Amino acid sequence: MDIIVEIHVPLREAPGTPEGSYPFPWIDQVEDFLAEQEEAEVHDEGEEYDDAYVFFITGAAEVISGAF
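*Asks:* In this structure, what is going on with the nonpolar core? I would like to understand it.
*Replies:* Nonpolar side chains in soluble globular proteins generally cluster together in the buried interior. Of all hydrophobic cores here, the largest spans eleven residues; its members are L11, A14, F24, W26, I27, V30, F33, L34, Y53, F55 and I57. Put simply, the parts of the chain that give this core at least two residues each are helix 1 (25–36) and strand 3 (52–58). A total of five residues in this core trace back to one element, the largest contributor, which is helix 1.

*Asks:* Explain the environment of P23 to me, please; I cannot follow it from the model alone.
*Replies:* Mapped onto the elements of the fold, P23 is located in the loop between strand 1 (4–10) and helix 1. Expressed as a C-alpha distance, the spacing of P23 and L11, which sit twelve residues apart in the sequence, is 9.8 Å. For P23, the residues in contact, after removing those within four places along its chain, are R12, E13, A14 and T17.

*Asks:* Looking at this structure, I do not really get the packing of aromatic side chains. What am I missing?
*Replies:* For any pair of aromatic rings, the description consists of the separation of the ring centres together with the inter-plane angle of the planes. For the structure shown, the criterion picks out four aromatic pairs. On the basis of an interplanar angle of 85° and a centroid distance of 6.2 Å, the ring pair of Y22 and F24 is categorised as edge-to-face. Using a relative accessible area of 16% as the deciding quantity, one classes F24 as buried. Grouped by ring-pair contacts, the aromatic residues Y22, F24, W26, Y53 and F55 constitute a single cluster.

*Asks:* Honestly, the sheet that holds strand 2 (residues 41–49) in this entry has me stumped. Any pointers?
*Replies:* Remark on secondary structure: sheet strands pair via backbone hydrogen bonds, oriented parallel or antiparallel. If you trace the three strands from one edge of the open sheet to the other, you get 1-3-2, paired in antiparallel fashion. Taken across any chain shown, the strands that pair with only one partner, and hence form the sheet edges, are strand 1 and strand 2. Within this sheet the neighbouring strands show an average axis-to-axis angle of 20°, counted without direction. Pairing between strand 2 and strand 3: six bridges, direction antiparallel. Within strand 3, the position partnered with E41 by the bridge is T58. Against the sheet, helix 1 engages strand 1, strand 2 and strand 3, with an angle of about 10° to strand 3.

How each quantity is defined
- Residues numbered from 1 in each chain as written.
- Predicted model: local features only at pLDDT ≥ 70, side-chain atom pairs only at ≥ 80, totals over all residues.
- Heavy atoms only, no water.
- Core = buried A, V, L, I, M, F, W, Y, C linked by side-chain atoms within 4.5 Å.
- Buried < 20%, exposed > 50% of the residue type's maximum accessible area, 1.4 Å probe, protein only.
- Helix = DSSP H or I, 4+ residues; strand = E, 2+ residues; numbered from the N terminus.
- Contact = heavy atoms within 4.5 Å.
- Phe/Tyr/Trp six-rings, centres within 6.5 Å; stacked < 30°, edge-to-face > 60°.
- Pairing = 2+ DSSP bridges.
- Axes fitted to C-alpha atoms, helices over the stretch in contact; angles between N-to-C directions.

This is the structure in structure tokens:
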């Protein structure tokens with residue numbers, strides 16, 4: 001059985017986002033970062049849940065850390 005880890009990030013607009021543009025460009029940056037990790041894989045598309053955006057990963061043998 002695979003372990004699936006949920007990463008909950010507060011759903012906040014990026015500072016300085018021009019009016020009318022996509023307010024959450026950081027979501028794509030986080031998804032790209034997770035996809036580049038060799039130790040784990042993105043399990044499913046992320047989704048909004050309450051006031052958070054949730055990313056799902058699986059397959060990691062150790063903790064992944066990094067700056068976004």
